[in-house]
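Understanding the architecture of this molecule
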Amino acid sequence: MTPKFSHYQCSLCGATYGPDEVTYTCPKDGGNLNVILDYDALKAKFSPDKFMDLPEASLWRYLNLIPVEDPGGLGTPLRRAGWTPVYQPRRLAEKLGLQQLWIKDESPNPTASFKDRASAIVVARARQIGAEVTVAASTGNAGAALAGMAAAVGAKAVIFAPRTAPPAKIAQLIVFGAQVLLVDGTYDQAFDLSIEATEAFGWYNRNTGFNPFTAEGKKTAGFEIWEQVIRNLPKGSKPLTVFIPVGDGNIISGVHKGFKDLQALGWLPQMPRIIGVQSEGSAAIANTFNQGDEKIQPVSANTLADSISVDLPRDGVRAVRAARETGGTYLIVPDQAILAAIAELGRVGIFAEPAAATAYAGLVKAVDEGVVASDDPVLVLSTGSGLKDVKAAMQAVQEAPIIEPTLAAVKEVLS
Ligand SMILES: *Cc1c(COP(=O)(O)O)cnc(C)c1O
Ligand SMILES: [Zn+2]
């Protein structure tokens, strides 16, 4: 094994713990734990052009920088998570008056969302520590990702999801063969229940903002943004501005961690500016950011973007810092703007679920308000496929006409 995993450090009190000393959050204050790598050893061993033993078209290309052992699973969907495409939709860039716009589309992941990154790494960690059953509470995508990644290697998964999750996500959970428990309550209630059950049954818990390895999976998107975009920016370019949709705050924290790892290795030319975007109906982290504070006050979440509908964000402090420490900010958008963003992205061939389109809605607002200028290079993270929530997609567009099977009817509609 490479000398990669040095220790954990609590994001609140700064206490450090050995890799096998703790499993989830800080025993002292419940703070999220950061995984600290042995940066000096890694620096001595690798360079930015030579750190990959596995030049795979997946997140496993970064195995030397991820604190797990190779989980195997070659030839399965576990090895296909990550390494998603970045598109350059010229028409959207022109419309927004931006010189450079990238959209990183996470829908080609094996279960069609960003969450495969975290679940792949947690499944690898579970194998390494000999955990037989892995459990997650999820609004849908994290559960589908865990169920799919576990199924890929024949491991057992238990998923707690709110019964109101979109049907496509529930179908994925069941088809992947997980033990599915639909909770008659909110995501937050499912979250707390899953932790009680984890303690009662001795399972391994993947929960977002609880298990420190989820951010280690999500940081691979930061590595990819570096490899696909940042390294190719011309010298003297302004820093890349990255738009990320935020619910629990673990994606934004994870991507920030990826950039911080690269910075600690001395491989990042310039820290990107990170902008978090939340729905008006679920804006606990943005509210805290705007108050200049770190203490997260829960809200009563109500948004059609189910994947970012969260009362009490579980990774809020690190999520606030991701924007604050990079010169970024938080933006709040209404559900109507999220629906409009689904339609805009659709017109350039990208089908996004509501939470995913939220990042683009944030970019539209940022351009309007002058938060980004035309010469800011911009990347929008579109975190999941529109096929996940077809009902919301249909709210974003006009219904198609139903016609008699005659040419006359076609002519009438087209006229
Ligand atoms: C989970 C999720 C998010 C938000 O991630 P957090 O870590 O909860 O902030 C955004 N988009 C999609 C599609 C998701 O599944
Ligand atoms: Zn602590």
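Attention here is on the structure that accompanies the text. Note that this is a predicted model, so its numbers are computed, not measured.

A few words now on the packing of helix α4 (residues 141-152) against helix α5 (residues 167-175). One can describe the packing of α4 onto α5 by two numbers: an axis separation of 8 Å at closest approach and a directional angle of 20°. Relative to α5, the element α4 is oriented roughly parallel. Crossing angle aside, the handedness with which α4 passes α5 is left-handed. Contacts from Asn-141, Gly-143, Ala-144 and Ala-147 of α4 reach α5 at Lys-169, Gln-172 and Leu-173. Residue classes in the contact of α4 with α5 are distributed as three nonpolar, three polar and one charged.

Our next topic: the site of ligand 1. In the region of ligand 1, 16 residues are neighbours, and Lys-115, Gly-247, Asp-248, Gly-249 and Thr-383 sit closest. A distance of 2.7 Å separates an oxygen atom of ligand 1 from a polar backbone atom of Gly-247. Contact with the protein chains covers 98% of the free accessible surface of ligand 1, which is 380 Å². Tallied by class, residues from the shell around ligand 1 come to five nonpolar, seven polar and four charged.

Moving on, we come to the packing of helix α8 (residues 250-264) against helix α10 (residues 316-324). Where α8 meets α10, the closest approach of the two axes is 8 Å, and the angle between their N-to-C directions is 55°. Judged on the interaxial angle alone, α10 and α8 are oblique. As for the relative orientation of α8 and α10, their crossing is left-handed in sense. Only Arg-318, Ala-319, Arg-321 and Ala-322 of α10 make contact with α8, whose side of the interface consists of Asn-250, Ile-252, Ser-253 and His-256. Per-class residue counts for the contact of α8 with α10 are three nonpolar, three polar and two charged.

Here we take up the packing of aromatic side chains. The full count for this structure, using the stated rule, is 12 aromatic pairs. An aromatic cluster is defined as three or more aromatic residues linked by ring pairs; in this entry it consists of Phe-51, Tyr-62, Phe-223, Trp-226 and Trp-267. Just above the ring of Trp-83 sits the side chain of Arg-61; from NZ or CZ to the centre is 3.7 Å. A cation sits over an aromatic face here: Arg-117 above Phe-114, 5.3 Å from the ring centre.

Residue placement: Ala-150 occurs in helix α4. With 72 residues separating them along the chain, Ala-150 and Leu-78 place their C-alpha atoms 8.1 Å apart.

Another point: the pattern of salt bridges. Applying the stated criterion across every chain yields a total of 24 salt bridges. Between Arg-273 and Asp-376 there is a salt bridge, with its nearest N and O atoms 3.5 Å apart. Taken as a pair, Arg-273 in strand β11 (residues 273-279) and Asp-376 in the loop between α12 (354-368) and β13 (378-382) lie far apart in primary sequence, 103 residues in all. Overall, the relative accessible area of 17% leaves Arg-273 in the buried class.

Time to look at the side chain of Thr-220. Here Thr-220 shows up in helix α7 (residues 213-228). If we skip the residues at most four places from it in the chain, Thr-220 touches Leu-59, Tyr-62, Ile-66 and Arg-117.

We now examine the sheet that holds β13. One open sheet accounts for six strands, arranged β4-β5-β13-β10-β11-β12; its pairing is mixed. What marks the edges here is a single partner per strand, and that holds for β4 (86-87) and β12 (329-333). The pairing of β4 with strand β5 (residues 101-105) spans two bridges and is antiparallel. Bridge assignment links Tyr-87 to a residue of β5, and that residue is Ile-103. Docked against the sheet, α7 engages β4, β5, β10 (241-245) and β13, running at close to 140° with respect to β5.

Working definition: the strands of a sheet are paired by backbone hydrogen bonds and lie parallel or antiparallel to each other. Strand order in the open sheet formed by three strands is β2-β1-β3, and the pairing between neighbours is antiparallel. Of all the strands in the sheet, the pair left with one neighbour each is β2 (16-17) and β3 (33-37). As paired elements, strand β1 (residues 5-10) and β2 share two bridges and run antiparallel to each other. Across the sheet, residue Gln-9 finds its bridge partner in β2, namely Thr-16.

Across its 15 residues, α8 extends 20 Å between first and last C-alpha, which sits within 8% of the 21 Å expected from 1.5 Å per residue. The buried fraction of α8 is high, at 12 of 15 residues.

With that out of the way, let us pick up a nonpolar patch on the surface. On the surface, Phe-351, Leu-387, Val-390, Met-394 and Val-397 cluster together into a nonpolar patch covering about 450 Å² of accessible area. Among the structural elements, Met-394 can be located in helix α13 (residues 390-396). What makes Met-394 partly exposed here is its relative accessible area of 45%.

Next up on the list: the pairing of β10. Among the five residues of β10, five are classified as buried, and the element is accordingly described as predominantly covered. Every second residue of β10 is oriented toward a common face, with Thr-241, Phe-243 and Pro-245 on one face and Val-242 and Ile-244 on the other, all of them buried. Pairing analysis gives five bridges linking β10 to β11, with the strands arranged parallel. Bridging from a neighbouring strand, Thr-241 pairs with Arg-273 of β11. With α8 bridging β10 and its parallel neighbour β11, the resulting β-α-β unit is right-handed.

As a further point, take the nonpolar core. In terms of nonpolar packing, the biggest core is built from 95 residues, with Trp-60, Leu-240, Phe-259 and Tyr-330 touching the most fellow members. Broken down by element, the residue count for this core peaks at six residues, all from helix α3 (residues 116-129). Setting aside residues up to four positions removed in sequence, Tyr-330 forms contacts with Val-246, Ile-252, Gly-276, Val-277, Gln-278, Ile-285, Ala-286, Phe-289, Asn-290, Ala-319, Val-320 and Ala-323. Formed by 32 residues, the second largest nonpolar core is a distinct cluster that contains Leu-345, Ala-357, Ala-361 and Ala-366.

Thresholds applied
- All chains use their own residue numbering, which begins from 1 and follows the written sequence.
- The naming scheme follows written order: chains are lettered A onward, ligands numbered 1 onward.
- Selection of residues for local features in this predicted model requires a pLDDT of at least 70, selection of side-chain atom pairs for listing and counting requires 80 or more, and totals for whole chains, interfaces and linings are taken over all residues.
- Each side-chain value is worked out from all heavy atoms of the structure, with water and hydrogens disregarded.
- Axis geometry follows a simple rule: fit a line to the C-alpha atoms, using only the stretch in contact for helices, then measure angles between N-to-C directions, giving values from 0 to 180 degrees.
- Strands here are runs of E lasting at least two residues and helices are runs of H or I lasting at least four, both read from the DSSP assignment and numbered beginning at the N terminus.
- Orientation categories follow fixed angle ranges, with anything under 35 degrees roughly parallel, anything over 145 roughly antiparallel, 65 to 115 roughly perpendicular, and all other angles oblique.
- Crossing handedness is read from the near helix: turned anticlockwise from the far helix by less than a right angle, it gives a left-handed crossing, and turned clockwise, a right-handed one.
- Any two residues whose heavy atoms approach within 4.5 Å at even a single point are treated as in contact.
- Each residue gets one of three labels, nonpolar for Ala, Val, Leu, Ile, Met, Phe, Trp, Tyr, Cys and Pro, charged for Asp, Glu, Lys and Arg, and polar for the others, Gly among them.
- Any residue with a heavy atom positioned within 4 Å of a molecule or strand is treated as near that molecule or strand.
- Whenever two N or O atoms come within 3.5 Å, that pair is a polar contact, provided that in protein one can donate a hydrogen and the other can accept it, and provided that, for residues adjacent in sequence, both atoms are side-chain atoms.
- Areas reported as accessible are Shrake-Rupley estimates using a 1.4 Å probe. Residue values count occlusion only from the protein chains shown.
- For this analysis, a ring pair means two rings from Phe, Tyr or Trp (six-membered ring only for Trp) whose centres lie within 6.5 Å, classed as stacked if their planes differ by under 30 degrees, edge-to-face if by over 60, and tilted for the remaining angles.
- The rule is short: NZ of Lys or CZ of Arg within 6 Å of the ring centre and within 35 degrees of the ring normal puts a charge over the ring.
- Any carboxyl oxygen of Asp or Glu within 4 Å of a side-chain nitrogen of Lys or Arg constitutes a salt bridge here.
- Here's how the labels work: a residue is buried when its accessible area is under 20% of the maximum for its type, exposed when over 50%, partly exposed in between, all with a 1.4 Å probe on protein chains only.
- Two strands make a pair as long as DSSP finds a minimum of two bridges between them.
- One less than the residue count of a helix, multiplied by 1.5 Å, gives the span that helix is expected to have.
- Residues enter a patch when their relative accessible area is above 30% and they make no salt bridge; the linking distance is 9 Å between like charges and 5 Å between nonpolar side chains (Val, Leu, Ile, Met, Phe, Trp, Tyr).
- By definition, the crossover connecting two strands over a helix is right-handed if that path, from the first strand to the second, turns clockwise as seen with the strands pointing away from the viewer.
- In this description, a nonpolar core means a group of buried Ala, Val, Leu, Ile, Met, Phe, Trp, Tyr and Cys residues linked to one another through side-chain atoms lying within 4.5 Å.

Remember, this is a structural readout, not a statement about activity or role.
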